[in-house]
Amino acid sequence: MNPPAIVILGEASIPISRQIQAALPEALVYGLADRVQSIVITYDNFGETVRELFQAGTPIIGVCAAGILIRTIAPLLSNKWQEPPVLAIAEDGSAVVPLLGGLQGVNDLARQIAAVLQVAPAITTTGDIRFRTTLLSPPPGYTLVNPDDAKTFIADLLAGATVKLFGEAPWLENSRLPIAEAGKLTIEIIHKSQSQPTSTPSQDCLVYEVDIDCVEPTQGKLAIVGTGPGSAVWMSPEVKQILESATDWVGYKTYLDLAEPLRKTHTTRHESDNRVELDRARFALDLAAQKRTVAIVSSGDPGIYAMAAAVFEVLEREAKPEWQEIEIQVCPGISAMQAAAAQVGAPLGHDFCAISLSDILKPWDVIAQRIKAAAQADFAIAFYNPVSKQRTWQLEKAKAILLELRSPETPVVLARNLGRPGQTVTVKPLAQLAIEDADMRTVILIGSSKTRIVQQRPGKQWVYTPRHY
Ligand code: SAH
């Protein structure tokens, strides 16, 4: 397929087109010649350009009213099997509307774009919504043999018919299709090498041919991914790709909600309580052992006070034989301390350490001793889990230990809700650090004796720790 074309009408749409390119790096931006200056590809006539792109099968992302696109393309609509995806995006990014090209994955494209714009895509395809799969655009490796029968078949399904499945197709097994042994309808999967299906393709029987070399492997996979502190721009392309291809997501509800715009129709959510990390790890390993492609979702980096260690702990302790073949992968994310440091400059620019103030999994004595040692060694320190509803005194104690060894003037960075709505970042001297400054969504950076505040201009200051002594 050609790279998508983002078609814009004026300079005001440049920022939104850049955001869309963050989701689709291969997309090209087309701008109206006398209205936009900063664009590589320009056009003179909107209608002609859009129609040419459409006829060439290029996915079209119009940053304009849906009506304009509809009227422009209307004369060309004749064969839905050949229509490329066409989407309308509101100029302020508040709406993503898939219009055409359901068979070429327009809904998935809409989900990808909506994810970077942090809105819900306006998906209206009943089959997609109800069955969480599109029979007409199967995943790579599968080809529908009798597409002309699909319309009636899907209409019957929507009217309540059940379907029996012959052959292996994880994307169908994991969907919400009403699969039943006594189904009136049939879906049969045949291998490319197999010359004839057992059933006759008809309006009651869809047949898919599968080319096993092109199908994703069916070995169980478990990826432990970090989504960054919150904002989609801080999520790595690797993590996005894994979240989109997973059959299952496992994680704390808040983190799954943050990733929700990336969820494809074939992906099932498994929410869990934030406290039961080992249970969640075991559950995810068991799912992967059933040859599913599982993503455990952590915020920030999955290896920092998060799920990766929990998975390996369960793997070591319980060592179930069926877990041996699972392909495990850990995908890094931007941790809260990095995002916090970047907001104010470079407070972690030299040697530093991280300490969690939570005494749920380790005794307070160990924490107190570690804070003291870090202060003696003159590390800059990142405090995770500084306060929670149940843990209200630890931060005061930590401050008292620090003040024995570090100046009351030491810069302290308090970063709350990084990358999420309501982000606040404040800098104050250690002496003024108070319990009300923090909650469970705050990370605190304590400067070393070398950490400095610099004034760039009136009203703009930075915090950094020099690398030279
Ligand atoms: N794996 C995460 C840390 C999980 S521990 C990471 O690498 O960032 C949870 C603690 O992380 C919170 O108590 C808080 O101290 C910090 N944290 C996580 N997300 C944050 C955010 N968006 N803003 C500020 N602090 C955050």
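Residues numbered from 1 in each chain as written. Predicted model: local features only at pLDDT ≥ 70, side-chain atom pairs only at ≥ 80, totals over all residues. Heavy atoms only, no water.

**Focus on the overall build of the chain**
Next up, step 1: Each helix and strand counted, the chain has 14 helices and 23 strands in total.
Next up, step 2: Along the three orthogonal principal directions, the C-alpha set of the chain runs to about 80 × 65 × 35 Å.
Next up, step 3: Counting all 469 residues of the chain, 49% fall into the buried class.
Next up, step 4: Relative to all contacts within the chain whose residues are 6 or more apart in sequence, the contacts with residues 24 or more apart total 60%.
Next up, step 5: Summed over its atoms, the accessible surface of the chain is roughly 22500 Å², and 52% of this surface lies on carbon and sulfur atoms.
Next up, step 6: Across the chain, the centroid of the 43 positively charged side chains sits 7 Å from that of the 50 negatively charged ones. (Helix = DSSP H or I, 4+ residues; strand = E, 2+ residues; numbered from the N terminus. Buried < 20%, exposed > 50% of the residue type's maximum accessible area, 1.4 Å probe, protein only. Contact = heavy atoms within 4.5 Å. Areas by Shrake-Rupley, 256 points an atom, 1.4 Å probe, with all protein chains shown as cover. Lys, Arg positive; Asp, Glu negative; His and termini not counted. Charge placed at Lys NZ, Arg CZ, Asp CG, Glu CD.)

**Observations regarding the site of the ligand**
Next up, step 1: Asp301, Ile304, Ser335, Met440 and Thr442 are the nearest of the 20 residues found near the ligand.
Next up, step 2: One nitrogen or oxygen atom from the side chain of Asn385 is found 3.1 Å from an oxygen atom belonging to the ligand.
Next up, step 3: Grouping the amino acids of the shell around the ligand by side-chain chemistry returns 11 nonpolar, 6 polar and 3 charged. (Near = heavy atom within 4 Å. Polar contact = N/O pair within 3.5 Å; in protein donor to acceptor, adjacent residues only side chain to side chain. Nonpolar A, V, L, I, M, F, W, Y, C, P; charged D, E, K, R; others polar.)

**Quick word on empty space enclosed by the protein**
Next up, step 1: Under the definition given, this model contains 1 cavity of 30 Å³ or more.
Next up, step 2: The volume enclosed by the largest cavity comes to roughly 40 Å³.
Next up, step 3: Pro347, Leu348, Ala380, Pro411, Val413, Leu445, Ile446, Gly447, Thr451 and Val463 together form the lining of the largest cavity.
Next up, step 4: At the level of elements, β19 (411-416) and β21 (442-446) are the ones that each hand at least two residues to the lining of the largest cavity. (1 Å grid on protein atoms, 1.4 Å probe; cavity = no way out; pocket = protein on both sides within 12 Å on 5 of 7 lines; lining within 4 Å. Points joined across faces, edges and corners; volume = space filled by probe spheres on them.)

**Section: the environment of Thr125**
Next up, step 1: Note on placement: Thr125 falls in the loop between α4 (106-117) and α5 (126-131).
Next up, step 2: Along the primary structure Thr125 and Thr152 are separated by 27 residues, whereas in three dimensions their C-alpha atoms are 16 Å apart.
Next up, step 3: A polar contact of 2.9 Å, which involves the side chain of Thr125, links it to the side chain of Asn107.

**Structural notes on helix α13 (residues 364-376)**
Think of an α-helix as turning once every 3.6 residues; residues three or four places apart then point the same way.
Next up, step 1: Between its first and last C-alpha atoms α13 spans 18 Å; for 13 residues at 1.5 Å apiece the expected length is 18 Å, and the two agree.
Next up, step 2: Buried within α13 we find Trp364, Ile367, Ala368, Ile371, Ala374 and Ala375. Considered in projection along α13, the buried side chains sweep an arc of 130 degrees and stay on one side of the axis. Those residues of α13 that are exposed and aimed more than 90 degrees away from the buried face are Asp365, Gln369 and Gln376.
Next up, step 3: Check the buried side of α13 and you find it contacts β17 (352-356), β18 (380-384) and α14 (394-405). (Expected span 1.5 Å × (residues − 1). Arc of directions from axis to C-beta.)

**Considering a negative patch on the surface**
Next up, step 1: Residues Asp34, Asp44, Glu48 and Glu52 make up a contiguous surface patch of negative charge.
Next up, step 2: You can see Glu52 is positioned in helix α2 (residues 46-55).
Next up, step 3: On the basis of relative accessibility, which here comes to 55%, the residue Glu52 falls in the exposed class. (Patch = residues over 30% accessible without salt bridge, like charges linked within 9 Å, V, L, I, M, F, W, Y side chains within 5 Å. Salt bridge = Lys/Arg side-chain N within 4 Å of Asp/Glu carboxyl O.)

**Points about the sheet that holds strand β6 (residues 96-100)**
Next up, step 1: Strand order in the open sheet formed by 6 strands is β3-β2-β1-β4-β5-β6, and the pairing between neighbours is mixed. The open sheet terminates on both sides in strands that have one partner only, identified here as β3 (41-43) and β6. Sheet twist, expressed as the average angle between the axes of neighbouring strands with direction ignored, equals 25 degrees.
Next up, step 2: The sheet contact formed by strand β1 (residues 5-8) and strand β4 (residues 60-63) spans 4 bridges and is parallel. Across the sheet, the residue bridging to Val7 is Gly62, located in β4.
Next up, step 3: Contacts from helix α1 (residues 14-23) reach β1, β2 (28-32), β4 and β5 (86-89) within the one sheet, and its direction differs from that of β1 by about 170 degrees.
Next up, step 4: Packed on one face of the sheet, α2 meets β1, β2, β3, β4, β5 and β6 and runs near 170 degrees to β1. (Pairing = 2+ DSSP bridges. Axes fitted to C-alpha atoms, helices over the stretch in contact; angles between N-to-C directions.)

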